[in-house]
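Observations on the model geometry
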Amino acid sequence: MPRTQPPTRFAYLGPEGTFAEAALSSAVPPGEGSRQPAASVPAALAAVRSGEADAALVPIENSVEGAVPATMDALADGDPLLITREVFLAVSFVLAVRPGTELAAVRSVASHPHALAQTARRLAELLPGVVPLPATSTAGAARQVADGEVDAAVCAPIAAQRYGLAPLVEDVADHPGAVTRFVLVAPPGPLPAPTGNDKTSLVAVVGDRTGALLELLREFSVRGISLTRIESRPTRERLGVYSFSLDCEGHAADARVGEALAGLHRVCDDVRFLGSYPRADGRENKPVPPTAADDAFAEAAGWLQAVREGRA
Ligand SMILES: O=C(O)C(=O)C[C@]1(C(=O)O)C=C[C@@H](O)C=C1
């Protein structure tokens, strides 16, 4: 009898109606696997670490607001996890209220800090003097409105619908066209197979030495590897000690990327590999210079072997 695989249990930043849930639905058809909302990004990742979930879909960066620190830090610390997929989602916000509430009656507004940052100017115009309150997610804020805890939420149109709210003002983003990048995170295991258009993510801690960052970057540049993101994060040990969170083009299975990873392991104080996965932003990796292609590495390794055996 063929053994059937149990359905994949996906955790996501909840409650129902978050952008994270929408991103998960866009990546994994709703009938596939089960879904469990988590109260926060660290909680979603903790569910994967404890084995309660098989994978978690969490936001990692936004085109307007940049990194989602909770995700960056939860991936850099604790038991290792692996990014197996990236998902991009266009985000647009509504100002949602209980039906019948007028703008003049709104005395409080809540949302996820990233959503508040993306709508700060519009909110200040619409609700002068109202201090926005942080919520665990945009849908969490919508639920607070439905429960009567706050008057308005900045959330996805779908969250307004889910919690029976009215979209009082549509499109409240300061910068229309914002996109959030989410990642699907699983326990360590086999890497997704290379597709020829992949990205690799890692976190590297460099020592407090002159040129340490240049040494890190050199491992990529000498092998013709383009970075798609790099940012520093405090290691939280003390001021002045930083880690660099970065994404580069290519897969750990590619010779040039593998050698760069090994090089980083030599020159950095610590390297955490976060995964190699298909690139999903609709862009193509830059052409690999002939000197950095897999066959150039294989040819060079063969030549070195010959040198060592006295055959060259
Ligand atoms: O609160 C949500 O709905 C989320 O999925 C989180 C999140 C984020 O962390 O950036 C996702 C997309 C938007 O940029 C605002 C909030």
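Keep in mind that what you see is a predicted model, and the values were worked out from it rather than measured.

This paragraph deals with the UniProt feature "domain: Prephenate dehydratase" (unreviewed entry) in the chain. Per the UniProt annotation, the sites labelled "domain: Prephenate dehydratase" (unreviewed entry) are residues 9–187. Taken as a whole, residues 9–187 contains 31% helix and 30% strand, while its terminal C-alpha atoms sit 12 Å from one another.

This paragraph deals with the packing of aromatic side chains. Taken as a whole and judged by the stated rule, the model has one aromatic pair. An angle of 85° between the planes, with centres 5.4 Å apart, marks the rings of Phe-19 and Phe-93 as edge-to-face. Of the two residues, Phe-19 is situated in helix α1 (residues 19–27) and Phe-93 in the loop between β5 (82–90) and β6 (94–97); the sequence distance between them amounts to 74 residues. If you follow Arg-162 out to its NZ or CZ, it ends over the ring of Tyr-163, 4.8 Å from the centre.

Right, let's talk about the side chain of Arg-272 for a bit. Summarising the element assignment, Arg-272 is placed in strand β15 (residues 270–278). Summary of buried charges: Arg-272 has no salt-bridge partner, and the nearest side chain of opposite charge, Asp-270, is 6.1 Å away. Among the polar contacts made by the side chain of Arg-272, one reaches the main-chain carbonyl oxygen of Leu-75 at a distance of 3.0 Å. Beyond its immediate chain neighbours, meaning those up to four positions away, Arg-272 contacts Arg-49, Leu-75, Ala-76, Asp-77, Gly-78, Asp-79, Pro-80, Leu-202 and Val-203.

Okay, the environment of Val-179 next. Relative to the elements of secondary structure, Val-179 occurs in strand β11 (residues 179–186). Overall, Val-179 belongs to the partly exposed group, its relative accessible area being 30%. As a C-alpha pair, Val-179 and Arg-229 span 50 residues in sequence and 15 Å in three-dimensional space. In this view, Val-179 contacts Glu-61, Asn-62, Ser-63, Phe-88, Leu-89, Ala-90 and Val-91; residues no more than four positions away in its chain are not counted.

Here we take up the pairing of strand β12 (residues 198–205). Summarising burial for β12: eight of the eight residues are buried, a large majority. On β12, burial covers both faces: Asp-198, Thr-200, Leu-202 and Ala-204 on one face and Lys-199, Ser-201, Val-203 and Val-205 on the other are all buried. Direction of pairing for β12 relative to β15: antiparallel, over a ladder of eight bridges. Looking at β15, one finds that Asp-198 is bridged to Pro-278. In this structure, β12 lies alongside strand β14 (residues 242–249), joined through seven bridges in antiparallel fashion. Opposite Ala-204, over in β14, you have Phe-244 as the bridge partner.

So, about the layout of surface pockets. One simple way to see leftover space: roll a probe sized like a water molecule over the atoms. Of the volumes computed, that of the largest pocket is approximately 230 Å³. Lining the largest pocket we find 15 residues, and of these Ala-76, Asp-77, Val-203, Val-205 and Ser-243 sit closest to its centre. Each of two domains, domain 1 (1–91 + 173–188) and domain 3 (191–312), supplies a minimum of three residues to the lining of the largest pocket. Taken as a whole, the second largest pocket spans an internal volume of roughly 190 Å³. Considering only residue class, the lining of the second largest pocket consists of two nonpolar, three polar and eight charged. The residue makeup of the lining of the second largest pocket includes at least three contributed by each of domain 1 (1–91 + 173–188) and domain 3 (191–312).

This part is about empty space enclosed by the protein. What the rule picks out here adds up to two cavities of 30 Å³ or more. Reported here for the largest cavity is a volume of approximately 190 Å³. Forming the walls of the largest cavity are 17 residues, and the residues nearest its centre are Phe-19, Pro-59, His-112, His-114 and Thr-138. When residues of the lining of the largest cavity are traced back to their parent elements, those giving at least two are α1, β3 (55–62), α4 (113–118) and β11. For the lining of the largest cavity, the leading source of residues is α4, giving three residues. Of the residues in the lining of the largest cavity, the class split is nine nonpolar, eight polar and no charged. A domain-level breakdown of the lining of the largest cavity finds at least three residues from each of domain 1 (1–91 + 173–188) and domain 2 (94–165).

A few words now on a nonpolar patch on the surface. A surface patch of nonpolar side chains, about 210 Å² in accessible area, is lined by Leu-213, Leu-217 and Ile-230. For Ile-230, a relative accessible area of 39% puts it in the partly exposed group.

All right, on to the pattern of salt bridges then. Tallied over the entire structure, the rule returns 21 salt bridges. Of the charged contacts, one joins Arg-162 and Glu-16 as a salt bridge, the two residues approaching to 2.6 Å between their closest N and O atoms. With a gap of 146 residues between them, Arg-162 in helix α7 (residues 157–162) and Glu-16 in the loop between β1 (9–13) and α1 connect regions that are remote in the sequence. Arg-162 gets classed as partly exposed once you look at its relative accessible area, which sits at 42%. Overall, Glu-16 belongs to the partly exposed group, its relative accessible area being 34%. The salt bridge partner of Asp-77 is Arg-236, with a shortest N-O separation of 2.6 Å. Here Asp-77 is found in the loop between α3 (69–76) and β5, whereas its partner Arg-236 is found in the loop between β13 (227–234) and β14, with 159 residues between them in sequence. Judged by its relative accessible area of 39%, Asp-77 falls in the partly exposed class. Its relative accessible area of 53% is what places Arg-236 among the exposed residues. The network of salt bridges with common partners includes Glu-61, Glu-86, Arg-181, Lys-199, Arg-229, Glu-231 and Asp-247.

Procedures and definitions
Residues numbered from 1 in each chain as written. Predicted model: local features only at pLDDT ≥ 70, side-chain atom pairs only at ≥ 80, totals over all residues. Heavy atoms only, no water. UniProt positions renumbered as here; feature names shortened; annotations may be inferred. Helix = DSSP H or I, 4+ residues; strand = E, 2+ residues; numbered from the N terminus. Phe/Tyr/Trp six-rings, centres within 6.5 Å; stacked < 30°, edge-to-face > 60°. Lys NZ or Arg CZ within 6 Å of the ring centre and 35° of its normal. Buried < 20%, exposed > 50% of the residue type's maximum accessible area, 1.4 Å probe, protein only. Lys, Arg positive; Asp, Glu negative; His and termini not counted. Salt bridge = Lys/Arg side-chain N within 4 Å of Asp/Glu carboxyl O. Polar contact = N/O pair within 3.5 Å; in protein donor to acceptor, adjacent residues only side chain to side chain. Contact = heavy atoms within 4.5 Å. Pairing = 2+ DSSP bridges. 1 Å grid on protein atoms, 1.4 Å probe; cavity = no way out; pocket = protein on both sides within 12 Å on 5 of 7 lines; lining within 4 Å. Points joined across faces, edges and corners; volume = space filled by probe spheres on them. Domains from an automatic or database assignment. Nonpolar A, V, L, I, M, F, W, Y, C, P; charged D, E, K, R; others polar. Patch = residues over 30% accessible without salt bridge, like charges linked within 9 Å, V, L, I, M, F, W, Y side chains within 5 Å. Areas by Shrake-Rupley, 256 points an atom, 1.4 Å probe, with all protein chains shown as cover.

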